[in-house]
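Coordinates in review
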Amino acid sequence: VQLQAFGGGLVQAGGSLRLSCAAAGGTFSNYNLGWFRQAPEKERVFVATINWVGGTTRYADSVKGRFTISRDNAKNTVYLQMNSLKPEDTAVYYCARGRIYGSSLSTKSADFGSWGQGTLVTVSS
């Protein structure tokens, strides 16, 4: 499966963006989905994940209460609504599909087997 993330851009601090990630050549159904981000000169880190049923989510402490992950299995799409953005949210954001069909929720990048190309989010102060 190939994933394509889009929706990034330049936004002022306090603003909002909605990222989307669509799958081609495969399906999202029955797989956990996640968002990770990588800031300049830093390692890629976990942002949010949603289980394959869509009823359970988990967030990094740094984004909790500001970001919301959701999914639409009929459209093979996962979303990340980002509100109250801060300059420290600036990063390339990657979507990913869980490695194992129907697995339990994980925040570890190693548990995600398919990755999108990423979309750049820049938050100005």
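Shown above is the structure to which this text applies.
Calculation rules
- Residues numbered from 1 in each chain as written.
- Predicted model: local features only at pLDDT ≥ 70, side-chain atom pairs only at ≥ 80, totals over all residues.
- Heavy atoms only, no water.
- Salt bridge = Lys/Arg side-chain N within 4 Å of Asp/Glu carboxyl O.
- Helix = DSSP H or I, 4+ residues; strand = E, 2+ residues; numbered from the N terminus.
- Buried < 20%, exposed > 50% of the residue type's maximum accessible area, 1.4 Å probe, protein only.
- Disulfide = S-S within 2.5 Å.

Take the pattern of salt bridges next. One pass over the full model with this rule turns up three salt bridges. With a closest N to O distance of 2.9 Å, aspartate 89 and arginine 37 form a salt bridge. On the criterion of sequence distance, the pair formed by aspartate 89 in the loop between strand 8 (77–82) and strand 9 (91–98) and arginine 37 in strand 4 (residues 33–38) is long-range, its members being 52 residues apart. Looking at arginine 37, the relative accessible area reads 9%, which means it is buried.

For the rest of this paragraph, the subject is the state of the cysteines. In this structure the tally under the stated criterion is one disulfide. Between the sulfur atoms of cysteine 21 and its disulfide partner cysteine 95 the distance amounts to 2.0 Å. Looking down the S-S bond of the cysteine 21 and cysteine 95 bridge, the torsion is 55°, so its handedness is right-handed. Taken as a pair, cysteine 21 in strand 3 (residues 17–24) and cysteine 95 in strand 9 lie far apart in primary sequence, 74 residues in all.

The next point concerns unusual backbone geometry. In the Ramachandran plot, asparagine 76 falls in the positive-phi region, its phi being about 55° despite a non-glycine side chain. Secondary-structure assignment places asparagine 76 in the loop between strand 7 (67–72) and strand 8. Overall, the relative accessible area of 14% leaves asparagine 76 in the buried class. The backbone of serine 84 shows a phi angle near 50°, a positive value even though the residue is not glycine. With respect to the element layout, serine 84 can be found in the loop between strand 8 and strand 9. The class for serine 84 is partly exposed, based on a relative accessible area of 41%.

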